[in-house]
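# Results of the structural survey
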Amino acid sequence: MPSASASGADASGGSARSRDHTQGNQERKYTVEQKAAVLRIRRCKATAFYEILDLESVRTTCSESDIKKAYRKQSLLTHPDKNGHEHADEAFKMVSRAFGVLGDKEKREKYDRFGTDPDSRFESARAQAGNPFSGFGGARAGGGGPGAGFGGGGMWDEEISPEEMFQRFFGGGFGGPFGGFDTGPQFVFNLGGNRGFRVHQMGGAGPRRRPREANGPERPQTGWDTLISLLPILFLFIFPLLSSIFSGGDSQPAVPPMVFDAAQPPLTYHRATPKLDIDYFVDPAMVADWNDYKLRQLDKEAEVAFVRALRRRCEAEARTKRDLIDKAQGWFFPDPEKLKIADQFEMKSCQRMDSLGISR
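Calculation rules
- Residues numbered from 1 in each chain as written.
- Predicted model: local features only at pLDDT ≥ 70, side-chain atom pairs only at ≥ 80, totals over all residues.
- Heavy atoms only, no water.
- Axes fitted to C-alpha atoms, helices over the stretch in contact; angles between N-to-C directions.
- Helix = DSSP H or I, 4+ residues; strand = E, 2+ residues; numbered from the N terminus.
- Parallel < 35°, antiparallel > 145°, perpendicular 65-115°, else oblique.
- Contact = heavy atoms within 4.5 Å.
- Nonpolar A, V, L, I, M, F, W, Y, C, P; charged D, E, K, R; others polar.
- Pairing = 2+ DSSP bridges.
- Disulfide = S-S within 2.5 Å.
- Buried < 20%, exposed > 50% of the residue type's maximum accessible area, 1.4 Å probe, protein only.

## Focus on the packing of helix 5 (residues 88-102) against helix 6 (residues 105-114)
At a minimum axis separation of 6 Å, helix 5 and helix 6 run at an interaxial angle of 95°. Considered as vectors, helix 5 and helix 6 are oriented roughly perpendicular to each other. Contact with helix 5, carried on its side by Gly100, Val101 and Leu102, involves Lys107, Arg108 and Tyr111 of helix 6 and no other residues of that element. For the contact of helix 5 with helix 6, the class distribution of residues is three nonpolar, one polar and two charged.

## Quick notes on the pairing of strand 5 (residues 279-282)
Two elements, strand 3 (residues 258-260) and strand 5, share three bridges in a ladder whose sense is antiparallel. Of the residues in strand 5, the one forming a bridge with Met258 is Val282. Pairing geometry for strand 4 (residues 269-272) and strand 5, over four bridges, is antiparallel. Paired with Arg271 across the two strands is Tyr280, which belongs to strand 5. Linking strand 4 back to strand 5 in an antiparallel pair, the connection comprises six residues, with Asp277 at a positive phi of about 55°.

## Overview of the state of the cysteines
Under the defined criterion, the tally for this structure stands at one disulfide. Between the sulfur atoms of Cys314 and its disulfide mate Cys350 the distance is 1.9 Å. Given an S-S torsion of about 105°, the disulfide between Cys314 and Cys350 has right-handed geometry. One end of the pair, Cys314, is in helix 10 (residues 292-329); the other, Cys350, is in helix 12 (residues 348-356), and 36 residues separate them in sequence. In this structure, Cys314 and Cys350 share a single accessibility class: buried.

## Details of the sheet that holds strand 4
Pairing in this open sheet of three strands is antiparallel, and the strands run 3-5-4 from one edge to the other. Either end of the sheet is taken by a strand with one partner, and the two such strands are strand 3 and strand 4. Averaged over neighbouring strand pairs, the angle between their axes works out to 30° when direction is ignored.

Set out below in structure tokens:
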């Protein structure tokens, strides 16, 4: 039978551990900016990926670099290890999911086209119902089976957790706090698009060599073999360097942010597209030293961006109208009121495309 003193010591130790645990929860803190980020993200719809990354205003013009910068900012603001807010974990998962879609070129194209989560089977099937052949040609299989892990060639696998995504993005790889494995070097060569052949070395002194012919001597590696193996890396660095040297800095500049139809400070410098004569505005400070040639190139880029954005809005309006018509059909009889609403739904972007002579 345990003694009274031993029981008292156990009770004292248990209460101390409980008190330390409680105090640990109480010490979780967050800044005003971190709280505002969590509240803003949780107000977004689960599939409003541009809005979650705070890119909604530039969704038609943002680049892969902009998406990575946005993920870096929002993930650091909402990471549960840095942000003690009670809903930080949920916001961090939403940020990771948004980057998992927008950071993958194929998934982003599907999302921009259909407006739904490309990994949701139900939503993708519903959005693609109008085109029964759209699922062929490079669509990633959602389940198992041969080649299920290699479809699409995106940056992140579908099974990756938000924490693993964060570790990879910020250079943690599979090491850091999750380490303990001698993974060795990893070589990735992507040949022909986004697909590639990935070789992992899981420990050991070196990668396993291909079997030689029976009783054949192994040829020692020479300096020429080393040079051949380094050629892909040399091409990656030398070709861009030579291109920048011979171009003399006259390459086409990056397209600055722009708005159409009406100015929005600081985008107040007025220009017009060459063919459709669409008014657009840019920041005058960003184009102050541009010559006429660069400005004409900018006019062309603006027209392409305008047509792309207008067509995307028209496609969204068409999907909305189809949904209204489907909901009006009912199970047995159509609903006259809902049919009237569907008929009166205005497709302003599509009408503008028609007026400008742009094919849908």
